[in-house]
Number of protein chains: 2
Amino acid sequence: MEIRTILVEPKSEENIGAVARVIKNFGFADFYLVNPPDIGVKAMSVASHAYEVLKTSEIVGSIEEAVENSVIVAGTTAKHGISANKHIRMPFFSPRQLKEKVEGIDGGKSGVVSILFGREDTGLKNEELMLCDIVVCIPTSHEYLVMNLSHAVAVVLYELSEVRMASTSGPMLKLANVADKERLFVHVKTFLDEIGYREQKKEKTLLMLRRILGRAELTGREVRTLRGILRKAEWRIGDVRS
Amino acid sequence: MEIRTILVEPKSEENIGAVARVIKNFGFADFYLVNPPDIGVKAMSVASHAYEVLKTSEIVGSIEEAVENSVIVAGTTAKHGISANKHIRMPFFSPRQLKEKVEGIDGGKSGVVSILFGREDTGLKNEELMLCDIVVCIPTSHEYLVMNLSHAVAVVLYELSEVRMASTSGPMLKLANVADKERLFVHVKTFLDEIGYREQKKEKTLLMLRRILGRAELTGREVRTLRGILRKAEWRIGDVRS
């Protein structure tokens, strides 16, 4: 199992360097940058002995490319779900709860767990958070919610480093990949249309289902069974219709 | 009870500013500096909205002055007690263990818990560590032990903020209770019958669904929405049937 740190459109190269250092401090290496600024000597200097984490980082043009092959995609936010977009940011996990989640699937030791960190000023956009299986929020003070980017990464990777260091031997779980899950969500969407689900509730419900199924860490077999149930229900509707 | 962050002879004013921000992020305010450099606009800029933590910090000339009135003095080190000065750095506490320790004395709710962080390059000296009641060590990778100063503070205060918040905040997720979930499972079972799901597969599938939904830690609202979808599908089957 691999923990991938993904910075989405970071603005400061110092922050990128600081995050590289944190990644190495906690024994990780997988580092993706979505549309970063130019990375030069400043980033290298802050990265210090973690320069190779910086040098081997992957630069991509979209979140979709960054999360490829992930079994879990977690998005971080400083907003505690109390905004107008409550349904997008709730329910949220603390870094500790994220660790427990990842520990649960560690038995399989396969696949990538991707953690997205947003822009320094505006964080992740709502539509970016909607791509995530899990929303993670570091419990900070209401008087100053927003942490510096690299500090937020430090806290999350500190928690997850415990998973890396724990020598575990659990049952093998073969988790579904992003493409399998996406097919399931498309199927669910079609199904809601077929049963005449209320249009104005549909988006919210789909997001909720994505979160529920994301948190559940579905295996490939479970995805197939869920789609089998949907198919059976669709046939039933078709049967009695004809 | 009060958590006091003490930086011992920090060299970089940016780090001082970054630590001020972390202190405010986690809801603390008590900040001591032992022989710091001049603090100017750079520190203020990094502190951002935590400038008043910086402005109200106490500048002292010795560790003894900084830890006055403390009930516990904890010193941090990046060295995992494997050096020649083993007895000074052992046994060490993880930040989590420090939190548990502090929780243990929280009943009294009086006094100051002081956490010392050393110089960016050389950390705390042996004679400084010997002043401490507890040595705290963040479990980092052997390939890169030493964290950036403000990141180390972030990890320790993140753990200790739980002590502060424990009494003030409830559970973050309002989870569905057992009865709600049971009603959902009964509903799912009925639904499988209604769509004519294969009898010999039904028990296995129900167990799988129970596991999936169990792992997802459903909230009460999510249970209601899921049952709403089932109801809608049932009506659809009934509609087209009649």
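The shown structure was predicted, so the numbers you read here are calculated from the model rather than taken from an experiment.

Turning next to the packing of aromatic side chains. Inspection of the entire model under this criterion finds three aromatic pairs over all chains. Arranged with centres 6.3 Å apart and planes meeting at 85°, the rings of Tyr158(A) and Tyr158(B) form a pair that is edge-to-face. Of this pair, Tyr158(A) sits in helix 8 (residues 149-165) while Tyr158(B) is found in helix 8 (residues 149-166), placing the two residues in two different chains. When sorted by exposure, Tyr158(A) lands in the same class as Tyr158(B), which is buried. What links up through ring pairs into an aromatic cluster is the set Phe26(A), Tyr158(A), Phe26(B) and Tyr158(B).

Another aspect to go through is the domain arrangement of chain A. Residues and elements named next belong to chain A. For chain A, the domain assignment lists domain 1 (2-165) and domain 2 (178-241). Look at where the C-alpha atoms of domain 1 and domain 2 centre, and you get two points 29 Å apart. Here domain 1 meets domain 2 over a buried area of about 1300 Å², counting both sides, of which 55% is carbon and sulfur. If you look at where domain 1 meets domain 2, you find one salt bridge.

Below, the discussion takes up the environment of Gly40(A). Residue and element names in this part refer to chain A. Within the secondary structure, Gly40 is located in the loop between strand 2 (31-34) and helix 2 (41-47). A residue is classified by how much of its surface remains accessible, and Gly40, at 27% relative accessible area, is partly exposed. Residues Gly40 and Glu162, spaced 122 residues apart in sequence, show a C-alpha to C-alpha distance of 32 Å.

All names here are of chain A. Of all seven residues making up strand 1 (residues 2-8), six are buried, and the element is well covered by its neighbours. Where strand 1 meets strand 6 (residues 112-117), six bridges bridge the pair, whose relative direction is parallel. Along strand 6, the bridge assignment pairs Thr5 with Ile115. Sheet topology places strand 1 next to strand 2; four bridges connect them, and they run parallel. The residue of strand 2 that forms the bridge with Leu7 is Leu33. At this point the chain moves from strand 1, through helix 1 (residues 13-25), to the parallel strand 2, and the crossover so formed is right-handed.

Definitions and cut-offs
Residues numbered from 1 in each chain as written. Chains lettered and ligands numbered in written order. Predicted model: local features only at pLDDT ≥ 70, side-chain atom pairs only at ≥ 80, totals over all residues. Heavy atoms only, no water. Phe/Tyr/Trp six-rings, centres within 6.5 Å; stacked < 30°, edge-to-face > 60°. Helix = DSSP H or I, 4+ residues; strand = E, 2+ residues; numbered from the N terminus. Buried < 20%, exposed > 50% of the residue type's maximum accessible area, 1.4 Å probe, protein only. Domains from an automatic or database assignment. Buried area = accessible area lost by both parts, 1.4 Å probe. Salt bridge = Lys/Arg side-chain N within 4 Å of Asp/Glu carboxyl O. Pairing = 2+ DSSP bridges. Right-handed = clockwise from strand over helix to strand, strands pointing away.

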